[in-house]
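# Chains, contacts and geometry: an overview
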Amino acid sequence: MYGTLKDYLTGELAQIQAAGLYKKERIITTPQRADICVGAGNPVLNFCANNYLGLSDNPRLIKAAQQTLETHGYGMSSVRFICGTQDIHKQLEDTVSDYFQTEDTILYAACFDANGGLFEPLFSEEDAIISDTLNHASIIDGVRLSKAKRYRYANADMDDLERCLKEASSQRFRIIATDGVFSMDGNVAPMNRICDLAEQYDALVMVDESHSAGVVGPTGHGVAEQFNCYGRIDIFTGTLGKAFGGAMGGFTTGRKEIIDILRQRSRPYLFSNSLAPSIVGASLEMFGILKESDELHTKLMNNVHYFRDRMLAAGFDIKPTQSAICAVMLYDAQLSQDFAARMQEEGIYVTGFYYPVVPKGQARIRVQLSAGHEREHLDKAIAAFVKIGKEFKCIPETNQ
Ligand SMILES: *Cc1c(COP(=O)(O)O)cnc(C)c1O
């Protein structure tokens, strides 16, 4: 049998190659951080990690992980409900609830699992899930696994959301599902208006904080803090794999009964291994660091503003960002790839995105800022953007 499948796959791979969509992985030989080595030891500055608070190589987290290895062992070899729950798993769940000001929290191996296991236990044929068109793949898959009726509204478009809410008015339960920050434009979901509509049309609200937790809001506590929506959002999901240390792990946090049911019925929780103790221990330390001071978040935001202001002054077209994601618009797909390749030659690691990842004619370079970036890192990146921007005639010769 494999011969025929092999021929088919070879053809598919060739098509992916021909379309220029084949994903190659660059090999990093250092820890994840601002200055990394790629391939044969070439040093580059990293502007495409989700390492928003610069915690991926934080010495305190490494030490906490090591200490937890000593005190709690290497692995759990079990799911949570059989014999996979340690004291520190419960502590971390309480800590997440405390951070988001929610009633209870359930941990997953990843946010992909949190979203994948969220909708199916809660909603059935009689219910409606109303989802932003730009939601993350894991929300889309999670919605697909439930039998609820699906509605989609244009990105952050409140009129379109209202249309869906009206159409779904005869359903038993309605839930609005949205990313907190959308990863391609860096825009934030208008949670205050979403909550208003939810109250008006009697719907629940779910937000995925993967790109927003640790980043948006006056002290980085996410969209509820940003829009003062505490108590109005029923369910938050999030990852420990981005701002929160970058290792892995996910969570759902929110209303007590919802979390309780997920512990009983959520399949990625019931049938997948517990989060490794070292990650749990380091995550507890991570929330401790965030509680001690707002320093990392403040540094991140200063970096975002510095970068954005200088890029705008140089004449670049930047999507108005409210997060740590800065989309440098180039519009042309080939240009986005050539530009990113030239940036890497200049020692700056950024990624060019084009259709189908972003809409046709909306190609761009996505820059992700981090508290791990120092001023000289930002200056180097900006200088490279300006140099290459002039080479490709994206910005006027005269600027800077
Ligand atoms: C990254 C991301 C995820 C997946 O998180 P993992 O913990 O890596 O599985 C889910 N949702 C959104 C919005 C994300 O950006």
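Model, not experiment: these values are computed from the prediction.

### What about helix 6 (residues 137-145)?
Taken as a whole, helix 6 has its buried residues at Ser-138, Ile-139, Gly-142 and Val-143. Relative to the axis of helix 6, the buried residues are bounded by an arc of 135° and lie together on one face. Among the exposed residues of helix 6, those pointing more than 90 degrees away from its buried face are Arg-144 and Leu-145. Here the buried face of helix 6 lies against helix 5 (111-116), strand 4 (128-132), strand 5 (149-153), strand 6 (174-179) and strand 7 (204-208).

### Considerations on the pattern of salt bridges
Oppositely charged side chains may form a pair once their charged atoms are brought near each other. If you walk through the whole model with that rule in mind, you get 26 salt bridges. Note that Asp-98 and Lys-291 form a salt bridge whose closest N and O atoms lie 3.0 Å from each other. With Asp-98 in helix 4 (residues 87-100) and Lys-291 in helix 12 (residues 277-292), this residue pair connects regions lying 193 residues apart in the sequence. You can call Asp-98 partly exposed: its relative accessible area is 47%. Among the residues examined, Lys-291 registers a relative accessible area of 65% and is labelled exposed. The closest approach of N and O atoms between Asp-309 and Arg-308, which form a salt bridge, is 3.3 Å. Residue class for Asp-309 comes out partly exposed when judged on its relative accessible area of 39%. Judged by relative accessible area, Arg-308 falls into the partly exposed class, the value being 22%. Each of Arg-80, Lys-90, Glu-93, Asp-104 and Arg-263 takes part in one network of salt bridges that share partners.

### Thoughts on the environment of Val-357
The topology assignment puts Val-357 in the loop between strand 12 (351-353) and strand 13 (363-368). Judged by its relative accessible area of 48%, Val-357 is partly exposed. When the C-alpha positions of Val-357 and Ala-198 are compared, they lie 29 Å apart, and in sequence the two are 159 residues distant.

### Quick look at the domain arrangement of the chain
Much of the literature gives interface size as the accessible area that the parts lose upon coming together. When cut into domains, the chain gives domain 1 (21-50 + 294-391) and domain 2 (59-292). A separation of 27 Å is found between the C-alpha centroids of domain 1 and domain 2. Counting from both sides, the interface comprises 19 residues of domain 1 and, opposite them, 19 residues of domain 2. Taking both partners together, domain 1 and domain 2 bury about 1,400 Å²; carbon and sulfur atoms supply 55% of that area.

### Regarding the sheet that holds strand 12
The sheet built from 3 strands is open, its strands ordered 10-13-12 with antiparallel pairing. Looking along the sheet, the strands with just one partner apiece sit at the ends: strand 10 (325-331) and strand 12. With strand direction ignored, the average angle separating the axes of adjacent strands in the sheet is 30°. Sheet analysis places strand 10 next to strand 13, joined by 6 bridges and oriented antiparallel. From the neighbouring strand, Ala-327 faces strand 13, where its bridge partner is Arg-366.

### Considering the packing of aromatic side chains
Applying the stated rule across the entire model yields 14 aromatic pairs. Centre to centre, the rings of Phe-316 and Phe-339 are 6.5 Å apart; their planes meet at 80°, and the pair counts as edge-to-face. Residue Phe-316 is located in the loop between helix 13 (295-313) and strand 10, and its partner Phe-339 is located in helix 14 (residues 333-345); the two are separated by 23 residues in the primary sequence. Comparing Phe-316 with Phe-339, the two get one shared label, buried. Over the ring of Tyr-355 we find Lys-360, and its NZ or CZ is 4.2 Å from the ring centre. We note Arg-375 situated over the ring of Tyr-306; from NZ or CZ to the ring centre the distance is 3.9 Å.

Rules and cut-offs
Residues numbered from 1 in each chain as written. Predicted model: local features only at pLDDT ≥ 70, side-chain atom pairs only at ≥ 80, totals over all residues. Heavy atoms only, no water. Buried < 20%, exposed > 50% of the residue type's maximum accessible area, 1.4 Å probe, protein only. Helix = DSSP H or I, 4+ residues; strand = E, 2+ residues; numbered from the N terminus. Arc of directions from axis to C-beta. Contact = heavy atoms within 4.5 Å. Salt bridge = Lys/Arg side-chain N within 4 Å of Asp/Glu carboxyl O. Domains from an automatic or database assignment. Buried area = accessible area lost by both parts, 1.4 Å probe. Pairing = 2+ DSSP bridges. Axes fitted to C-alpha atoms, helices over the stretch in contact; angles between N-to-C directions. Phe/Tyr/Trp six-rings, centres within 6.5 Å; stacked < 30°, edge-to-face > 60°. Lys NZ or Arg CZ within 6 Å of the ring centre and 35° of its normal.

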